[in-house]
Amino acid sequence: MNGSISYPVARRDEGQSEVLHGVEVQDPYRWLEDPDSEETRTWVEAENELSRSYVSGDVREEVLSELKKMSEYEKLGCPFKVGDAIMFMKKDGLQNQHVLYRQDDLNSEPIVVLDPNKFSEDGTASLGELEPSDDGKMLAFSVSLSGSDWRSIHVLDLVSLEEISGSCDWARYTSIAWKKDGRGFYYCRYPAVDEDKTAEERGTSTAEVKNQMVYFHQVGSSQEQDRLIYEDPDHPDWNFRLTTTDDGKYLLIGVTQSCAPQEKLHLIDIEQHFGYESKHVVTLIDDFEAEYHYIANDGSLFYVRTNRDAPRNQIVRIDVEKEVREFADPGLELRG
């Protein structure tokens, strides 16, 4: 391309503004936030055409060839234990996504467990969350279509390597926390929106989503049978982070109101109250002053990493059965 570049004109909507914290803020390009409008599509296509005209020709092919050469090498993820087996992610050369492999021991031949490159013919489906059951017999994984934040959670039988019927839709920003016996898992979902659209169309949807909820899904059942475990309709913008303890006795629900490292913390004794979890939610931490990450527990005695009164984090001990819960120093010092 010779000469100056003539960029497509983006219309300024001088009448678009809103008041934020008492200050009027102009937003003349708000119309571009609707990716499906005719005006936005026309402008984007004009931008794409400009880009294509600039990078077309021999230079593009030379650059593409060099990028392929630099990317064409084997990429390995960190191995992890699943039951008695070893799993790892690997990508050969120019594959779009890493493939999940399993080895029965360090000397056995790896076998393919899950290949996200085969999720769709056009390569627009990608792997999201990945969580094996404690006994290593099941694998819960989520799939995203067309770059969407929406996830559909599926379950793979790690013995037969066959997918089990009964997926969970409308998941978004979700954790997957297995019950110790592998009967099912806890996850987060939203009320259904844009039900008239295809999964691919939801990938560009700008519909507002609120009221995240925690559900339990039993492996092999339909999503309609899932049980509601926890919700907070008075705070529709809050999100939840789920963890089941190593002994399988408790479910921890971290509650966040933003991206800040601060959360409330709830607990359910799922060993005692499985099937009636929603009636037995106990609040451990009822403020947004810090974040808390479960490390381990010995019965009701929990070891937790937190930034409460510790900008570089500290490990504290909490007895969850005490009515007044105190942060006790477990005698561990973090250095660095």
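Quick note: structure is the one above.
What you see is a predicted model; the values in this text were computed from it and never measured.

Draft legend 1. Main features of the packing of aromatic side chains. For the coordinates displayed, the defined rule picks out 13 aromatic pairs. Judged by centre distance (5.5 Å) and plane angle (10 degrees), the rings of Phe88 and Tyr101 are stacked. You can see Phe88 sitting in strand β5 (residues 85-91) and its partner Tyr101 sitting in strand β6 (residues 99-103), a full 13 residues away along the chain. The exposure classification of Phe88 matches that of Tyr101, with both residues buried. Centroid distance Trp238 to Phe288: 5.1 Å. Interplanar angle 80 degrees. Geometry classified as edge-to-face. Placement of the pair is Trp238 in the loop between β14 (227-231) and β15 (239-244) and Phe288 in the loop between β18 (282-285) and β19 (292-298), with a sequence separation of 50 residues. Comparing Trp238 with Phe288, the two get one shared label, buried.

Draft legend 2. Quick peek at the sheet that holds strand β13 (residues 213-218). Read from one edge of the open sheet, 7 strands run β8-β9-β10-β11-β12-β13-β14, paired in antiparallel fashion. Each of the sheet's edge strands pairs with one partner strand only, and the pair in question is β8 (125-132) and β14. On average, adjacent strands in this sheet sit at an angle of 35 degrees to one another, irrespective of strand direction. Note: β8 against strand β9 (residues 138-145), 6 bridges, orientation antiparallel. Following the sheet pairing, Pro132 is matched in β9 by Leu139.

Draft legend 3. Focus on the sheet that holds strand β16 (residues 250-256). Read across the sheet, 4 strands follow the order β15-β16-β17-β18 without closing on themselves; strand pairing throughout is antiparallel. Each of the sheet's edge strands pairs with one partner strand only, and the pair in question is β15 and β18. Strand after strand, the sheet turns through a mean of 30 degrees between neighbouring axes, direction not considered. In this structure, strand β17 (residues 264-269) lies alongside β18, joined through 3 bridges in antiparallel fashion. Note on β18: the bridge partner recorded for His266 is Thr283.

Draft legend 4. Inspection of the environment of Arg30 at higher detail. On the secondary structure map, Arg30 appears in the loop between β2 (23-26) and α1 (38-55). The exposure class of Arg30 is partly exposed, given its relative accessible area of 25%. Along the sequence, Arg30 and Arg12 sit 18 residues apart, while their C-alpha atoms lie 9.0 Å from each other. Beyond its immediate stretch of four places on either side in the chain, Arg30 contacts Gln16 and Glu18.

Cut-off values and rules
- Residues numbered from 1 in each chain as written.
- Predicted model: local features only at pLDDT ≥ 70, side-chain atom pairs only at ≥ 80, totals over all residues.
- Heavy atoms only, no water.
- Phe/Tyr/Trp six-rings, centres within 6.5 Å; stacked < 30°, edge-to-face > 60°.
- Helix = DSSP H or I, 4+ residues; strand = E, 2+ residues; numbered from the N terminus.
- Buried < 20%, exposed > 50% of the residue type's maximum accessible area, 1.4 Å probe, protein only.
- Pairing = 2+ DSSP bridges.
- Axes fitted to C-alpha atoms, helices over the stretch in contact; angles between N-to-C directions.
- Contact = heavy atoms within 4.5 Å.

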